Structure formats: structure tokens, C-alpha cells
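# Examination of the molecular architecture
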Amino acid sequence: MQLQLGENRMIEFATKQDIPALQAIWMACFSDPDSYIQSYYEHRGEVAKTLIMRESDGTVSSMLDMIDITLVSNGNRYPAFYIYAASTLPEYQGRRYMHSLIEYACDFAAREGKVASLLIPQTKSLVDFYEKQDFTTPILIGQKEYPAKST
């Protein structure tokens, strides 16, 4: 399933051959250790669907993962996606690529029967960015801290 965006780029789902490019985007955008990134891609299985922006030259410039989750409220279960690892290579930022990916992801989620797409922004600037994408309804949950453990 692809969405052509002009002559220069398209939105599509990543394949296993794209994993090195996904890891490179992750390393360029987040401060996670290489061991975490490698472990994530080795062990995530089919739980996540990775949506990418591909340039006409084949470069993967932006990505996000849609992870299947279930929301539970008053004993009712609702299928949803959690948006994770949303990132764009620095040289492609500011071109609204993430806006396009999020819009496509939410449309895809609705077609798949998901009731929501959720994400957790980690900084004030990301809160502001995602508010522009209509991620404005906070879901308040209890917070707990757990010490990080090696995988």
C-alpha cells in the first residue's frame, strides 16, 4: 500500500530491507544506545507496522511505528495504535513529512477499525508539534518509575 506524494516521494510500509535505514534515522534523532535500537528491531516481531517516507532516489527520510495496543475502559476493550519512534532525518525536517505520515497513519488506523492513535510526546516542543496534528486530548494515567534494565 503506497501513497505517491508528487514526483519526489511516497509513503509506504517499510520492509526488512529498510531496517538499516530505519536504524540510521533513529540514531540521528534519538539518544538511545545502538544496543537498544538493534534489540528493538530484532525482537519487535509483527507487533509494529513501520510507515516510511521514501524519496525518489530510494532514501528513507522519515518514519513512524504503529504498534497494536488495546485500550480498556469500564471493562470494554478497544483496538488502537500507539505511534512510536516518529522521526525524520535532520536534513529533511521542516518539510511537513511527519504531518503527512501521521495523517496517513490515522487514516490507516481508522480503515483497520482502530478507535484511536496514541502517542506520548517527551518534550514541550513535541507537545506543541503534536497539538497541531490534533493530538490534544490527554489521557491521564498513573505514573510509575522503573529502573532501566539491560535487554
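Summary of the structure given here. Predicted model, so just to flag it, every value in this text is computed and none were measured.

Moving on, we get to the overall build of the chain. When its secondary structure is counted, the chain shows four helices and six strands. If you list the helices and strands of the chain from N to C, you get β-β-α-α-β-β-β-α-β-α. Here the chain holds 151 residues, and the buried ones make up 35% of them. Sequence-distant contacts, at least 24 apart, represent 60% of the contacts inside the chain between residues at least 6 apart. Carbon together with sulfur atoms contributes 51% to the accessible area of the chain, which is approximately 9800 Å² in total.

Between two aromatic rings, the relevant description is the distance of the centres plus the angle of the planes. A complete count under the given rule lists eleven aromatic pairs for this structure. Ring centres of W26 and Y41 lie 5.9 Å apart, and the angle between their planes is 80 degrees; on these two criteria the pair is classed as edge-to-face. Residue W26 is found in helix α1 (residues 19–29), and its partner Y41 is found in helix α2 (residues 34–43); the two are separated by 15 residues along the sequence. Residue W26 is classed as buried on the basis of its relative accessible area, which comes to 1%.

Time to look at the nonpolar core. Core analysis: the largest hydrophobic core is formed by 31 residues, its most contacted members being W26, Y41, L51, M63, L64 and L101. Every element with two or more residues in this core is listed here: α1, α2, β3 (48–55), β4 (60–73), β5 (76–88) and α3 (97–111). For this core, the element with the most residues is α3, which contributes eight residues. Ignoring sequence-local partners within four residues, the contact set of L101 consists of I11, L51, I52, M53, S62, M63 and L64.

Burial within β3 is extensive, with seven of its eight residues counted as buried. Pairing between strand β2 (residues 9–13) and β3: five bridges, direction antiparallel. Counterpart to R9 in the pairing with β3 is E55. Alignment of β3 against β4, held across seven bridges, turns out to be antiparallel. Among the inter-strand pairings, M53 is bridged to a residue of β4, identified as S62. Two successive antiparallel strands, β3 and β4, enclose a turn made up of four residues, where G58 displays a positive phi of approximately 95 degrees.

Here we take up the side chain of K114. Here K114 shows up in the loop between α3 and β6 (116–118). Here the side chain of K114 touches D68 through a polar contact of 2.9 Å, side chain to side chain. Other than its neighbours up to four places away in sequence, K114 contacts D68, P79, A80, F81 and A109.

A word on unusual backbone geometry. With a phi angle near 55 degrees, N74 is a residue other than glycine that sits in the positive phi range. Within the secondary structure layout, N74 lies in the loop between β4 and β5. The class of N74 is exposed, set by a relative accessible area of 78%. The backbone of R96 sits at a positive phi, close to 70 degrees, despite the residue not being glycine. Mapped onto the fold, R96 is located in the loop between β5 and α3. Relative accessible area serves as the criterion here: at 56%, R96 is assigned to the exposed category.

What counts as what
Residues numbered from 1 in each chain as written. Predicted model: local features only at pLDDT ≥ 70, side-chain atom pairs only at ≥ 80, totals over all residues. Heavy atoms only, no water. Helix = DSSP H or I, 4+ residues; strand = E, 2+ residues; numbered from the N terminus. Buried < 20%, exposed > 50% of the residue type's maximum accessible area, 1.4 Å probe, protein only. Contact = heavy atoms within 4.5 Å. Areas by Shrake-Rupley, 256 points an atom, 1.4 Å probe, with all protein chains shown as cover. Phe/Tyr/Trp six-rings, centres within 6.5 Å; stacked < 30°, edge-to-face > 60°. Core = buried A, V, L, I, M, F, W, Y, C linked by side-chain atoms within 4.5 Å. Pairing = 2+ DSSP bridges. Polar contact = N/O pair within 3.5 Å; in protein donor to acceptor, adjacent residues only side chain to side chain.

The values are spatial; any link to function lies outside them.
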